[in-house]
Amino acid sequence: MTNTDRRVSERASLDKRDLRRSFLDNLLYVQGKFPKLANNADYYLALAHTVRDRLMQRWISTASAYTSQASRTVCYLSAEFLMGPHLGNNLINLGIYDETAKMVAELGLDLEDLLYQEEEPGLGNGGLGRLAACFIDSLATLEVPALGYGIRYEYGIFHQTLVDGWQAEKTDKWLRYGNPWEIARPEWTVEIRFGGHTEQYVDEQQRLRVRWLPARVVLGVPHDTPILGYHVNTANTLRLWKAEAAESFDFGQFNRGDYAGAVTQKIVSENLSKVLYPNDEQEAGKELRLQQQYFFVSASLQDMLRILKIQGVPVENFHEKFAVQLNDTHPAIGVAELMRLLVDEHLLVWDTAWDITCKSFGYTNHTLMPEALERWSLPLFQRVLPRHLEIIYEINARFLDQVRLRFFGDEQRLARMSLIDEHGPRYVRMANLACAGSHAINGVADLHTELLKQDVLKDFYELWPEKFSNKTNGVTPRRWIVLANPRLTALISETLGEGWIKDLGQLRGLERHVENADFRARWAKVKRDNKADLAAHITRRLGISINPDSIFDVQVKRIHEYKRQHLAALHIIALYLRIKANPNIDLTPRTFIFGGKAAPGYFMAKLMIKLITAIGDVVNVDPAVRDRLKVVFMPNFSVTNGQRIYPAADLSEQISTAGKEASGTGNMKFQMNGALTIGTMDGANIEIQQEVGAENFFQFGLSTPEVYALGASGYRPMEYYQRSDALREVIDLIASGFFSRGDASLFKPLVDNLLYHDPYFLLADFDSYVACQDEVASVYRDADRWTRMAILNSARSGKFSSDRTILQYCDEIWGAKSVPIRLLTQEDVES
Ligand code: HBZ
């Protein structure tokens, strides 16, 4: 080997000595530091580059295999990818986590410290964005050709701090110190057009065509991140688009002397990928959001057409090469954009183009809340995407003809199904566009899919029942067990071998060990150690001391009324009142841990955070409580924080109003890590209970039909308040100003909302919830029984691996198959 050859293979080598050499080299040549001067941030970046080098051979081998093979590629279009930190995950998937920990330890460093240096890419709000991240992990692990397409937001989800118990938002400057995981690909830049008008013309074949004359062009520059599968050679690509101005200066304006005006144009263009919108805000008027959606969808579809061309595949075969999945309606404009590209640019006839479009797209719905269904006001839409509005009118005309034939004379149905809402001011309905242009429509849990068919998408189901199917969500066990919970991973692997990591169903093997007292003791110790770690972290960060032997009762997720964090708050107050009434009461000690962000414009959610922190301020210091209750709100819940929290939880709170939570995925992360669930019969909770058995699940509350019936019969929350002494005392205590230093007005909006409206039925479910929590407390006292239940919960969590979910999408929607990757050698690459 020549010297250069050795350098190249050393950079791909997984051998510990080579890792050390590369690590120190990168510190020198990438960071420009030597050990004496280097800080942990330098060491993190040196290590990140060391790992990235080792991904390259796999990434190139994968790209090369995909270029030469005719396999179908999954294109997952999502406005959000909530990835979490890459370094630890890549070490695990490469199989060099332990080697690397030893290597850095020999240099006097702690791998965990280095991992925590990484600024996580928080390019998502919550479940929907995190689902996309779990899916691309599973696609790579299952060796399925796939591309994730999204937006490279310069600012991800805001950073949450607490100021006097209120949420405060700070911008998330995740790119501040650079991003070692991405590679910009300016050579594949595309142009995205906006605004202007259209005109008709006659082409050479004397056919009438439409030309779009945009007012503005923005560039989309792809930034690629390798997504390595677990213990495979497949490294797929997450391709995120950054917006740039078409010209740094508008020379026309510059020459006219308007330097500032020219620069303003540049800023306007680059705003497109500037910031992630926090959800739950009124969106219909947000022009920039529609522009963002079109920006990344158009860039992605153009990119697919470029790939098709390189491979010499005719555009007529687009759908054979690509399965394009719409992660909710945010990318639904893709239906109209693909039609435009095929008809206006590639000159296909309408019917052919429509056939290709419908065969390419699948649509996943993530919400039942009617107010969350996306729609854009017609004038706004017309202003931003004039050509697409014409295309949508044409799709709509043909679509409604079909409906008219099937449902003769049913004018109301036509009005409901139209892609244009004409009830008042007119809107484009994105869910209707997604349904019309997709061959497959799916919900994300059994109940959710049933409710879609019966309610939100009923008309579409009646027209096309064959398009509908369920795909229950899942989460990746690589990040949520192996990386987050090394102690549990070691115990399980010692017991079952390592096969479970890629085939989570194998966890069933743990059931055989439930009756083994030694195994139970080891299981309990893992949980106890994880709890001690989290307790220490909380004490360090928040100065609250915590008893690791108390029940860790955890609710982490976005803050929303339908998720009912305030129901948990009412329960805490009920326990507090019991102590006040009877100071020596024998109460099972509990630590309530909350985490989650509220949309900045969502007043009630912010007030819920304030209520929780206010309860903590009282309960945590009241000597009468004698440390039996602690209330902690952990600021800035994120993927990174989740990785500390799930492994330490005893009890998982999944207490949404039945029929409101499409699926939930946090519920699955808790279950895998051996927490028991207290939950309503909502979303995937139902399937979790089916798997673990009713005897291993704490169920409470109204069912969906009961919620509907109560709502229809005229729900009067005040009656529940009057009937239940415990409930009345709790509400009265909040209303009195006890938790707000005597200021009775502070929580009045929340209290009044519960007493007079209570749209999420907290008061109706309160007694049932408290009784169920009493059962939790009593079971917890039997430590052995609790541990058995915890083991069974993990053992029966196999269904909720995202590998299972992805295999179902591949078989039933995408028609995609695995393509194993052979590692290219240095000679292959150079020849
Ligand atoms: O998607 C969530 C559902 O609430 C949850 O039940 C489900 O498990 C999860 C994955 O299927 N939905 C979201 O997370 N939705 C958003 O984050 C969202 C983002 C932008 C929006 C609207 C919603 O404009």
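Parameters at a glance
- Residues numbered from 1 in each chain as written.
- Predicted model: local features only at pLDDT ≥ 70, side-chain atom pairs only at ≥ 80, totals over all residues.
- Heavy atoms only, no water.
- Salt bridge = Lys/Arg side-chain N within 4 Å of Asp/Glu carboxyl O.
- Helix = DSSP H or I, 4+ residues; strand = E, 2+ residues; numbered from the N terminus.
- Buried < 20%, exposed > 50% of the residue type's maximum accessible area, 1.4 Å probe, protein only.
- Phe/Tyr/Trp six-rings, centres within 6.5 Å; stacked < 30°, edge-to-face > 60°.
- Pairing = 2+ DSSP bridges.
- Expected span 1.5 Å × (residues − 1).
- Polar contact = N/O pair within 3.5 Å; in protein donor to acceptor, adjacent residues only side chain to side chain.
- Axes fitted to C-alpha atoms, helices over the stretch in contact; angles between N-to-C directions.
- Parallel < 35°, antiparallel > 145°, perpendicular 65-115°, else oblique.
- Left-handed = near helix turned anticlockwise from the far one by under 90°.
- Contact = heavy atoms within 4.5 Å.
- Nonpolar A, V, L, I, M, F, W, Y, C, P; charged D, E, K, R; others polar.
- Domains from an automatic or database assignment.

1. As for the pattern of salt bridges
So, point 1. One pass over the structure, following the stated rule, counts 65 salt bridges.
So, point 2. Residues Glu462 and Lys458 are paired through a salt bridge, measuring 3.2 Å at the closest nitrogen-oxygen approach. Here the residue Glu462 and the residue Lys458 both occupy positions in helix H19 (residues 458-463), the gap between them amounting to four residues, near one helical turn.
So, point 3. The exposure class assigned to Glu462 is partly exposed, which follows from its relative accessible area of 29%.
So, point 4. Classification of Lys458 by relative accessible area gives partly exposed; the value is 37%.
So, point 5. Of the charged contacts in the structure, one is a salt bridge between Arg520 and Asp784, with a shortest N-O distance of 3.0 Å. On the criterion of sequence distance, the pair formed by Arg520 in helix H22 (residues 517-542) and Asp784 in helix H33 (residues 783-795) is long-range, its members being 264 residues apart.
So, point 6. Residue class for Arg520 comes out buried when judged on its relative accessible area of 7%.
So, point 7. Taken together, the shared-partner salt bridges connect Asp410, Arg413, Arg416, Lys458, Asp459 and Glu462 into one network.

2. Re the packing of aromatic side chains
So, point 1. In the structure shown here, the tally under the stated rule is 23 aromatic pairs.
So, point 2. Taken together, a centroid distance of 6.5 Å and an interplanar angle of 10 degrees make the contact between Tyr149 and Trp241 stacked. With Tyr149 in strand E4 (residues 146-151) and Trp241 in strand E12 (residues 235-245), this residue pair connects regions lying 92 residues apart in the sequence. We note that Tyr149, like Trp241, is buried.
So, point 3. Ring plane angle 5 degrees and centroid distance 5.9 Å describe the contact between Phe399 and Phe460, whose orientation is recorded as stacked.

3. Digging into the sheet that holds strand E24 (residues 676-679)
So, point 1. Spatially, the six strands line up as an open sheet ordered E22-E21-E20-E23-E24-E25, and their pairing is parallel. Sheet topology places strand E22 (629-634) and strand E25 (698-699) at the edges, where each strand pairs with a single neighbour.
So, point 2. Bridging between strand E21 (residues 590-595) and E22 involves six bridges; their strand directions are parallel. Paired with Phe592 across the strands is Val631, a residue of E22.

4. Description of H22
The α-helix advances 3.6 residues per turn, and as a result positions three or four apart in sequence lie on the same side.
So, point 1. Across its 26 residues, H22 extends 37 Å between first and last C-alpha, which sits within 8% of the 38 Å expected from 1.5 Å per residue.
So, point 2. Within the sequence span of H22, burial applies to Phe519, Arg520, Trp523, Val526, Lys527, Asn530, Lys531, Leu534, Ala535, His537 and Ile538.
So, point 3. At the N-terminal end of H22, a side-chain oxygen is found 2.9 Å from the backbone nitrogen of Asp518, two or three residues along, and the residue is Asn516.
So, point 4. Two residues or fewer after H22 comes Gly543, characterised by a positive phi angle close to 70 degrees.

5. With respect to the environment of Trp523
So, point 1. Topologically, Trp523 is positioned in helix H22.
So, point 2. Remark: the alpha-carbon pair of Trp523 and Glu99, spanning 424 residues in sequence, is separated by 25 Å.

6. Comments concerning the packing of helix H3 (residues 40-68) against helix H4 (residues 87-94)
So, point 1. Axis separation between H3 and H4 bottoms out at 10 Å; the angle between their running directions is 45 degrees. Looking at the two axes, H3 sits oblique to H4. Between H3 and H4 the crossing geometry is left-handed. Contacts from Tyr44, Leu47, Ala48, Val51, Arg54, Leu55 and Arg58 of H3 reach H4 at Leu87, Asn90, Leu91 and Leu94.
So, point 2. Residue composition of the contact of H3 with H4, grouped by class: eight nonpolar, one polar and two charged.

7. Points about the domain arrangement of the protein
So, point 1. When its domains are assigned, the protein resolves into domain 1 (1-71 + 94-113), domain 2 (72-85 + 120-471) and domain 3 (477-804).
So, point 2. Distance between the C-alpha centres of domain 1 and domain 3: 40 Å.

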